[in-house]
Amino acid sequence: MPLMEQETAIYLTNIVIAVILAGMLTHSWLVQGRTRPSFMWMAASWTMVVADCFFALRPEMPHWFGRLFPTLLVTVSHGMFFAGARTNARQHVPYAMLGGLVVVHAIILLVFLADLIPSTPWRMVANGVIWANIAFASFLSMRKAASPFWSPLFAPANVFLLHGFFHVGRLLLALGAAAYDWPRVAAALQVVGDLEASFFIVALFTALLIAMLQQRHEELLHARAEVETLSGLLPVCAWCKKVRDDRGYWEQVEDYLSRRHIQVTHGICVDCVAKQTATQPTSS
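First, a word on what this report is: a plain description of the structure on this page. Within each chain, residues carry numbers counting from 1 in the order of the written sequence. Two thresholds apply to this predicted model, a pLDDT of at least 70 for residue-level local features and 80 or more for giving and counting side-chain atom pairs, whereas whole-chain, interface and lining totals are computed over all residues. Just so you know, side-chain values use all the structure's heavy atoms and leave hydrogens and water out.

Notes on the packing of aromatic side chains
And step 1. Each Phe, Tyr or Trp ring (for Trp, its six-membered ring) is paired with any other whose centre lies within 6.5 Å, and the angle between the two planes then decides the class: stacked below 30 degrees, edge-to-face above 60, tilted in between. For the structure on display, the rule yields 12 aromatic pairs.
And step 2. Seen in terms of ring centroids, Phe-54 and Phe-69 are 5.0 Å apart; in terms of plane orientation they differ by 85°. Their pairing is edge-to-face. Here the residue Phe-54 occupies a position in helix H2 (residues 36-56), and Phe-69 occupies one in helix H3 (residues 63-88), the gap between them amounting to 15 residues.
And step 3. The cut-offs for exposure are 20% and 50% of the maximum accessible area for each residue type, with area from a 1.4 Å probe on protein chains only; residues under the lower value are buried, those over the upper are exposed, and the others partly exposed. Residue Phe-54 is classed as partly exposed on the basis of its relative accessible area of 22%.
And step 4. Taking the centre distance of 5.4 Å and the plane angle of 70° together, the rings of Phe-136 and Phe-165 count as edge-to-face. With Phe-136 in helix H5 (residues 119-142) and Phe-165 in helix H6 (residues 156-179), this residue pair connects regions lying 29 residues apart in the sequence.
And step 5. Each residue in the set Trp-41, Phe-81, Phe-160, Phe-200 and Phe-205 is aromatic and connected to the rest through ring pairs, giving one cluster.
And step 6. Over the face of the ring belonging to Trp-29 we find Arg-34, whose NZ or CZ atom lies 5.2 Å from the ring centre. We count a stretch as a helix when DSSP gives it H or I for four or more residues in a row; a strand needs E for two or more, and each element gets its number in order from the N terminus. For a Lys NZ or an Arg CZ to count as sitting over a ring, it must be within 6 Å of the ring centre and within 35 degrees of the ring normal.

Below, the structure written as structure tokens:
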């Protein structure tokens, strides 16, 4: 099979896989409250789908467009994955920095298109440097998110880490292939890179879905424990009527219930009305 047809077949496979997983993330976003982190993951997944579509259609496009736009879309999707990682960790998302990175990458690709610098292997190296740094930054951000996103072996954080190491290894091999004139290695690196995109999408999206389900499971367990605490024995001081929480601290019963999302209203019972009336001075 010619190399161009082989690349097209790989991209079509990537599209099918990405559409299935992006659809699952979209369903998760629609069903589980439409949270901001879920929206970022969903948007990034569909951006990857669009990028793969442009890669598959690249033989039919003008040369400059096919070499520029799909690659930039991959950078945009990686930036959105980074934004999702930051959002998951409740951190500020540096949108200006991400936009600047896309602009810098566009300038680098235009330099290669203008033949100001030989594109082989430096184009692959430039892409690898940018994508690896975004992957490592996503890993570091995800380490500060909830434990299901970084603690298990197949957590999303570890997928980002492996993805970053892959790009580092790929760019080093690209430099070696150029230095020692390994044309077969250079061609194989292109195919491996296309295949890795499928592996990365499958691993990351599956890990994200599992992590979100695990996080939801832990939230439900915590809510159940709260309900059991409220429906069980509640330590109350016999003198001041303060309540002891699960950390051993004493607090007003109103504060204890409000932290568990139970609104408290105040009134006065019949006995207290009688006591207050009895203590009021009578008018002469």
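Some words on the packing of H3 against helix H4 (residues 95-113)
How two helices pack is summed up by the angle between their axes together with the distance between the axes.
And step 1. Working convention: axes come from line fits to C-alpha atoms, limited for helices to the stretch in contact. Angles between N-to-C directions cover 0 to 180 degrees. Packing of H3 against H4 brings their axes to within 10 Å, and their N-to-C directions diverge by 155°. Between H3 and H4, the interaxial angle falls into the category roughly antiparallel. Handedness of the H3/H4 crossing: right-handed. From H3, His-63, Trp-64, Arg-67, Leu-68, Thr-71, Leu-72, Thr-75, Val-76, Gly-79, Phe-82 and Ala-83 reach across to H4, where they touch Met-97, Leu-98, Val-102, His-105, Ala-106, Leu-109, Leu-110 and Leu-113.
And step 2. Each residue is assigned to one of three groups, with Ala, Val, Leu, Ile, Met, Phe, Trp, Tyr, Cys and Pro labelled nonpolar, Asp, Glu, Lys and Arg labelled charged, and all others, Gly among them, labelled polar. Partitioned by chemical class, the residues of the contact of H3 with H4 number 13 nonpolar, 5 polar and 1 charged. Roughly parallel here means an angle under 35 degrees, roughly antiparallel means over 145, roughly perpendicular means 65 to 115, and every remaining angle is called oblique. Note: crossing handedness is left-handed where the near helix turns anticlockwise from the far helix by less than a right angle, and right-handed where it turns clockwise. Residues are treated as being in contact if the distance between any of their heavy atoms lies within 4.5 Å.

Some thoughts on the layout of surface pockets
And step 1. As defined here, a cavity is a set of points on a 1 Å grid over the protein atoms alone where a 1.4 Å probe fits but cannot get out. A pocket is an open set with protein on both sides within 12 Å along at least five of seven lines, and residues line them when an atom is within 4 Å of a point. Grid points are joined across faces, edges and corners, and a volume is the space filled by probe spheres set on the points. Estimates place the volume of the largest pocket at around 840 Å³.
And step 2. Lining the largest pocket we find 41 residues, and of these Arg-123, Met-124, Asn-127, Arg-170 and Gln-190 sit closest to its centre.
And step 3. When contributions to the lining of the largest pocket are tallied by element, the ones reaching two or more residues are helix H1 (3-31), H2, H3, H4, H5, H6 and helix H7 (183-231).
And step 4. Take the lining of the largest pocket: its biggest share by element is 9 residues, from H7.
And step 5. In this model, the second largest pocket occupies a volume close to 380 Å³.
And step 6. Along the wall of the second largest pocket there are 15 residues; nearest its centre are Thr-35, Pro-37, Ser-38, Gln-215 and Glu-219.
And step 7. For the lining of the second largest pocket, the secondary-structure elements that each account for two or more residues are H2, H3 and H7.

Some words on the nonpolar core
And step 1. The biggest cluster of nonpolar side chains holds 27 residues, and the ones touching the most others in it are Trp-41, Phe-81, Met-142, Phe-149, Phe-160, Leu-204 and Phe-205.
And step 2. Listing elements by their share of this core, those giving two or more residues are H1, H2, H3, H5, H6 and H7.
And step 3. Tallying contributions element by element places H7 first for this core, with 9 residues.
And step 4. When residues no more than four places from it in sequence are discounted, the contact partners of Leu-204 are Phe-81, Pro-156, Val-159 and Phe-160.
And step 5. Residues belong to a common nonpolar core when they are buried Ala, Val, Leu, Ile, Met, Phe, Trp, Tyr or Cys residues joined through side-chain atoms within 4.5 Å. Of all hydrophobic cores here, the second largest spans 15 residues; its members include Tyr-11, Ala-51, Phe-82 and Ile-130.

Describing the packing of H2 against H3
And step 1. Relative to each other, H2 and H3 sit at 165°, their axes nearing to 8 Å. Classed by the angle they form, the pair H2 and H3 counts as roughly antiparallel. As H2 runs across H3, the sense of the crossing is left-handed.
And step 2. Classifying every residue of the contact of H2 with H3 gives 20 nonpolar, 7 polar and 1 charged.

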